[in-house]
Each structure stands twice: as C-alpha cells, then as structure tokens.
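Summary of the model geometry
Here's the letter readout for the chains.
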Amino acid sequence: MALKIGQGDLRNIHRHAEEAYPEECAGALVGMDVGEVKIVVDVWRAENTHEEERSRRFLIRPEQVREFEERARERDMDVLGFYHSHPDHPAEPSEYDREHAWPYYSYVIASVTQEGVKDVKSWVLRDDRSGYEQEELVR
Amino acid sequence: MPKVKIPTPLRQYAGGNAEVEVSGSTAGEALRDLTERHPELRNHLYTGDGKLRSFVNVYKGDEDIRYLDGQETEISEGDELSIIPSIAGGES
C-alpha cells in the first residue's frame, strides 16, 4: 500500500505542525482508497483535545471523528487516516502511538522543530498490532 | 435484531461489512456476539484482560454508552450501536 499526497496537502500539514509547535497537531487525511494506493484529496485540521501535555500527546474525540466521516461521505470520500506532529522528535511512531493505533488507517507523522518540519513519514499498524509497516509516500 | 455499525478500519475483520446484525439485550452482550461471529475483531476492540480499549467508543444512537449504563446499557430490536474511533497518540 502507498499513500499519494499532493504538495498542497503536505504543505498544509507542515503549516499546521509549525503553528502548533511546541504542541502536537493532528488532523484527518481524506480521499479515496483505490486498492493499491490511497489517494489523499484533502486534509482537515482537528482540535488536539488532550487535556494536558499537548507537547507530547494528542487526542481527536469520537464526535469529531464521526463528523469527519460524515463530511467525507457527503463528498463521496473516506477518512483514510490521520496525521500528527512529533515536536523535537523523529517521525517514527512511539509505543504510545502503537497502543492507540487503529488498523488500516495511514498515520502520517511530521517531525517538527523550532526551525520547521524536518521529516514526514507514513505508517500503518500491522494486523496483529505488534508494530508498524512504513508506507510509501507518493508525492 | 439490533445492529452494530463497524468503522472503516475494522471492516476487514468483519467480512467487509459496514453493519452486522447481532443478538443480545445489552450493549455488552451485543459486542460479545459480534466478536463471536467475527473473532478477528477481538484483539482490536479489547485489551488482553478483556476490557474495551480506551480509544474504542460505543454509541447507542448519539450517546456514548459510557454515559448510559456502559456494557449494561439495554438495547432492543431496532437499536443501532456504532463503534466510533477516537484517535490518540504522541511522541513518547
């Protein structure tokens, strides 16, 4: 599986990560799953509603996930996954990420420092939840 | 029979279905029946010690069952339960 994401959508993720720094940002990846590749058509910002430690935690509440799904469906699209930022940390999923991950979804992680976004990678949880596979990002 | 709506990421473990008819008179029974019909769902819904994972939310209509009677929330024939993800993570 690969994730195709255009420069404009990537730029929007960069901008969100940089604006939220030093806190983590998060949002939804919306588009079409055509089998071999998921095609991102839009990225939607979510509110990081984690009550504390937002520099190392994020939470998107179920009400917002449901709203994203409904909005996507109205446009004949699906929620393909989510992005979030790791301020001053690499674009690799943490143990905490793994414990909270859903299968199927693409998890795009942006590593961001005070100077801006340094790296972006996409990950998918393995079926048995034991870890992640890195997913090719097609631009 | 009551129905359970399955979110996109879990459909692959529920025979590709967006909705599954289940039996049971409480939310807990309905979920148990769901995982008996589709055992591959279990690991994604429950922790090793049998608790619903914290990021798995079950709604009866528009209400989170955590704010009703939890697993004991009563359901009847025409009711629909929805499994809705919350998305969480962080760098360490």
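Residues numbered from 1 in each chain as written. Chains lettered and ligands numbered in written order. Predicted model: local features only at pLDDT ≥ 70, side-chain atom pairs only at ≥ 80, totals over all residues. Heavy atoms only, no water.

Let's talk about the pattern of salt bridges
It is possible for side chains of opposite charge to pair when their charged atoms get near one another. Residue and element names in this part refer to chain A. According to the stated counting rule, one finds 15 salt bridges over all chains in the structure shown. The closest approach of N and O atoms between Glu23 and Arg54, which form a salt bridge, is 3.2 Å. Residue Glu23 is located in the loop between helix H1 (7-20) and strand E2 (26-33), and its partner Arg54 is located in the loop between strand E3 (37-46) and strand E4 (58-60); the two are separated by 31 residues in the primary sequence. According to the relative accessible area criterion, Glu23 is partly exposed, its value standing at 31%. (Salt bridge = Lys/Arg side-chain N within 4 Å of Asp/Glu carboxyl O. Helix = DSSP H or I, 4+ residues; strand = E, 2+ residues; numbered from the N terminus. Buried < 20%, exposed > 50% of the residue type's maximum accessible area, 1.4 Å probe, protein only.)

So, empty space enclosed by the protein
Throughout the structure, instances matching the rule amount to 1 cavity of 30 Å³ or more. There is about 40 Å³ of room inside the largest cavity. Within the residue set of the lining of the largest cavity, elements represented by two or more residues are strand E6 (106-113) of chain A together with strand E6 (87-89) of chain B. When the residues that make up the lining of the largest cavity are grouped by side-chain class, the tally is 6 nonpolar, 2 polar and 1 charged. (1 Å grid on protein atoms, 1.4 Å probe; cavity = no way out; pocket = protein on both sides within 12 Å on 5 of 7 lines; lining within 4 Å. Points joined across faces, edges and corners; volume = space filled by probe spheres on them. Nonpolar A, V, L, I, M, F, W, Y, C, P; charged D, E, K, R; others polar.)

Quick word on H1 of chain A
All names here are of chain A. In this model, H1 (14 residues) spans 20 Å end to end at C-alpha, consistent with the 20 Å of a helix rising 1.5 Å per residue. Looking at H1, one finds that the buried residues are Asp9, Leu10, Ile13, His16 and Ala17. Here the buried residues of H1 occupy an arc of 120° about the axis, which is enough to place them on one side. Looking at the buried positions of H1, the neighbouring elements they touch are E2, E3, strand E5 (78-87), E6 and strand E7 (116-125). (Expected span 1.5 Å × (residues − 1). Arc of directions from axis to C-beta. Contact = heavy atoms within 4.5 Å.)

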